[in-house]
Amino acid sequence: MRAQAGMLAMARPVPLLLLSALLLLGTSLSSSQEITIPKGDLAGPTPFVGAYYFNWYNIEDQWKRYSQTRHPVLGHYDQSDPAVLVKHHAWAKQGGIDFFAMAWSGGGSDLINWERADEIDRRVTSHLKMTDGVQVALMYNIRDFVQAGSHGKIDLSEENYCAIISDHLVYAAQKHFPEENYFKVGENPVIFLYTLRDYVNYVDCLKLALERMLLETGYVPYIIGDSVWWSPSPEKFDWKDYHSINVSAVTAFSTFDAGQPHRMGHNFAWDNSQLFHDMIKPAWAEQMIVIPSIMPGFDDRHMRGRDRPTIDRAHGAELVQQWKQVLWYPMCQTKILGLMKRMQRNILGFQFNVRPRTKKGRESMEAKGSALLTPPMIMINSFNEWHDGTEIEPSTEEGENILNLIAQLKHEVKNEEMFCGKEKDKNFRAPKFITPKLFNENSRTPADEMFVRGMSVLMWFFLMWMIWMFGGQMLLHYTGRAPNKYKDDDLGAFGSKRGNSGGMFADFAPKCIPTEVFMNGAKYPKRVPTVMTLAALAATGFVCFLLVTLFFGHTPVVGWFEDRAHEWERRGHSNVRRAREIAHKLCPQLVLNLHKAKFEDWVRKLAANQISQLEFRDEMCGDKALHTREIEAIYLELLGREPEPKGLEHYEKAVEEGRMHLDDVRLAIQNSPESTDYQQMRQAYKTKISKFMVAPFGVLKNAIETVKRKEKKERAEILASLDLVQAKVQEYINAGETDKANELLADYKNANSARVALKGPRKMGKEEGSRHDTMMDDWDVA
């Protein structure tokens, strides 16, 4: 089944443009041409995730000899106990680990006798007998029996090392490779060569060992070399030698370097991805691919001293950041190089001088003649290297957090859109997945790009101004013409007869100077531009453009901008890494949602200071899990109600187990009859007004009409009483009884004041006001 998965990438045709780019890369490595990769969705299966595994607990009292930063849930276990192996495989399956790359010191050689190596080999055999889906590959570590020389180099030409290695490889092919649970690419068993970068004088030795393996067992191994390191530079690697011994891929067991503490902090994920990026060009030229390696953190201070640099695990944020930095390599290399399979004649860099003795062996060699391209693969350092603090095995301090995180990251790969070409995010500077530049040079930051463009324009105008100021006179003389009424200039080519510079300005700006001017007593006619003048100006402008372009393309200038761009991207990555660490601390319960698109977007907003930590916590954390709140929001949107507990639990469990995604939940609820009825009801509300909504308006209308009728009646009563008062007052005045009239008016005022006090001020009507004023005027006259 894994072989079929590995062949998926090979079944797809490659466009002509892609083949041309690959041919250009293989034939001209010195060229800085950019590889053109067609955009498209992620191709091939999810990546195979391998973890480096160690079987040395508790040989020679390993736990006490070397201290640990954290403590395993199983305690100081002994790996000779079958129960420990069963638990480790169960954890690996839970975390999405497909295979273990087990450290192996060899076996089956009479030239060396070492009980520790034999015990480790027996434990490897026990792992291979398990059939739970977690496979096993060997990581051959010859450092356990070969004495390293100066600078840590391993010279295989000394003593009998070559014979021992040949015995070990043949023994592995006879005993371990045939096991069904051994990890293979196609039919080729995978073997890692630990610290291959330090091998010296190894080509002839390994050739003989591989020929002997083929002769006696018929196996052609798929070799992955541990070669990626900070020095020397990739161009100085022995790539031809790697190819000659059938190295199919290069990787790194660990890229931690205590000698470079400036790289081992928040920016480790960035520098680590750049290290693998630098390997692509020379590796592809030799038909090898690059397998990235990540680690959850690193801390060996308990064993090697407190002054050692560390890589903080940051509650899983470091692992997530490294994963996103290197995911391009396992996925897109398979897509790009899908048809580059090696045939039998060149599967090895040398011709076999032997043939298998048996028919079965010859058929096996022919079957293994076409090595498959390495499937998408990513390595994790490590499952149980407790002494270096790189373990993902559950600890009492972190529990199963890292394992669950790896499983979710791996599961989400097939649900994410990822392009293998250049990708830009308009909303934020950092892309969702880091896409390598693929040898693209002249990279600049956006600010530098604007600066260069502005300076280019200014320099162009400056050069043109200088040329026109000091050469415009000559340009007009040789390309312009005199006005029709002049047959020729009487002053020649350089202005006035006395060489005064005023003539130059007359030529330079003829439209601003009168047709005839007198300078130093000499009459001077202006020159008229022609088509030749305009053509000369265009040619001059083009030459200035070339000069400016060459200047900004000069190697020192380009290098300065590239250094600035690299540092700018590095700082941007550092901001995202710190924001991710803060997010993990703010929302420790969101382990299942760390990979969600919304979470990633808000991490970027946090890194760009677009939101505060409080806003992040309120939005992403809350009292409930993020996916629970999103399901509740879907219910409110599509059904107009809160979800029932049973339905909410059903969808929560489906999302957490990976059987459904939020889009699936939305589709399921949207297709329900209740959602259809609710949507129809909402549409009805939008198209017509309900009777229940009309009723309140009718009540209000009736109330307003009642108030108007009451006010009209009250005004009529006031007018009637006013007429009576006015008539009575007039009667008293005519009778000369002014005291009674005065008393009646006083009573009227008091009554009116009492009414205003009880009911508040009232605006008089026009008629009422007129009568009131007439009455008061009459009284004043009286």
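Residues numbered from 1 in each chain as written. Predicted model: local features only at pLDDT ≥ 70, side-chain atom pairs only at ≥ 80, totals over all residues. Heavy atoms only, no water.

Q: Please explain the state of the cysteines as it appears in this structure.
A: Linking two cysteines covalently via their sulfur atoms produces the bond known as a disulfide. Applying the stated criterion across every chain, the model contains one disulfide. The side chain of cysteine 162 participates in a disulfide bridge whose partner is cysteine 205; the two sulfur atoms lie 2.4 Å from each other. On the sign convention where negative means left-handed, the S-S torsion of about 120° between cysteine 162 and cysteine 205 marks this disulfide as right-handed. Within this pair, whereas cysteine 162 is found in helix α6 (residues 161-175), its partner cysteine 205 is found in helix α7 (residues 203-217), the two being separated by 43 residues in sequence. Look at cysteine 162 and you get partly exposed, because its relative accessible area is 22%. Given the relative accessible area of 5%, cysteine 205 is considered buried. (Disulfide = S-S within 2.5 Å. Helix = DSSP H or I, 4+ residues; strand = E, 2+ residues; numbered from the N terminus. Buried < 20%, exposed > 50% of the residue type's maximum accessible area, 1.4 Å probe, protein only.)

Q: Which parts of the structure should I look at to understand unusual backbone geometry?
A: Across the junction of tyrosine 57 and asparagine 58, the peptide omega takes the value 5°, indicating a cis bond. Along the chain, the position of asparagine 58 falls in the loop between β1 (48-53) and α3 (62-65). Between serine 231 and the following residue, proline 232, the backbone shows a cis peptide bond with an omega angle of -5°. Examined against the element boundaries, proline 232 turns out to sit in the loop between β8 (222-226) and α8 (239-244). A positive phi angle, close to 70°, is found at asparagine 246, a residue other than glycine. If you trace the backbone, asparagine 246 turns up in the loop between α8 and β9 (247-251). The backbone phi angle of alanine 314 is positive, close to 55°, even though this residue is not glycine. You can see alanine 314 is positioned in the loop between α10 (301-304) and α11 (317-326).

Q: What exactly am I supposed to notice about α6 here?
A: For α6, with 15 residues, the first-to-last C-alpha span of 21 Å sits near the 21 Å given by 1.5 Å per residue. Most of α6 sits inside the fold, with eleven of its 15 residues counted as buried. Buried within α6 we find Tyr161, Ile164, Ile165, Ser166, Asp167, His168, Leu169, Val170, Tyr171, Ala172 and Ala173. Elements in contact with the buried residues of α6: β2 (99-104), α5 (115-128), β3 (135-140), β4 (154-155), β6 (188-193) and α7. (Expected span 1.5 Å × (residues − 1). Contact = heavy atoms within 4.5 Å.)

Q: What exactly am I supposed to notice about the layout of surface pockets here?
A: Think of a ball as big as a water molecule: rolled over the atoms, this probe shows where empty space is left. Size it by volume and the second largest pocket reaches roughly 880 Å³. Surrounding the second largest pocket, 36 residues form its lining, Tyr194, Phe253, Arg304, Glu385 and Asp388 being those nearest its centre. Put simply, the parts of the chain that give the lining of the second largest pocket at least two residues each are α3, β2, α5 and α10. Its residues assigned to classes, the lining of the second largest pocket shows 15 nonpolar, seven polar and 14 charged. (1 Å grid on protein atoms, 1.4 Å probe; cavity = no way out; pocket = protein on both sides within 12 Å on 5 of 7 lines; lining within 4 Å. Points joined across faces, edges and corners; volume = space filled by probe spheres on them. Nonpolar A, V, L, I, M, F, W, Y, C, P; charged D, E, K, R; others polar.)

Q: Looking at this model, I keep getting lost on the pattern of salt bridges. Mind explaining?
A: Opposite charge on two side chains permits pairing when their charged atoms draw close. Applying the stated criterion across every chain, the model contains 31 salt bridges. Across the pair aspartate 300 and arginine 308 runs a salt bridge, and its minimum N-O distance is 2.7 Å. Here arginine 308 falls in the partly exposed class, since its relative accessible area comes to 23%. For arginine 641, the salt bridge identified is with glutamate 644, shortest N-O distance 2.9 Å. Overall, the relative accessible area of 33% leaves glutamate 644 in the partly exposed class. Salt bridges sharing partners connect three or more residues here, namely Asp78, Glu115, Glu119, Arg122 and Arg123. (Salt bridge = Lys/Arg side-chain N within 4 Å of Asp/Glu carboxyl O.)

Q: Would you mind going over the pairing of β2 with me for this structure?
A: Within a regular beta strand, the side chains point alternately toward one face of the sheet and then the other, so they alternate between its two faces. For β2, the tally of buried residues reaches six of six residues, placing the bulk of the element in the interior. Where β1 and β2 come together, four bridges link them in parallel fashion. The residue bridging tyrosine 53 from the neighbouring strand is methionine 102, located in β2. What joins β2 to β3 is α5, and the crossover it makes is right-handed. (Pairing = 2+ DSSP bridges. Right-handed = clockwise from strand over helix to strand, strands pointing away.)

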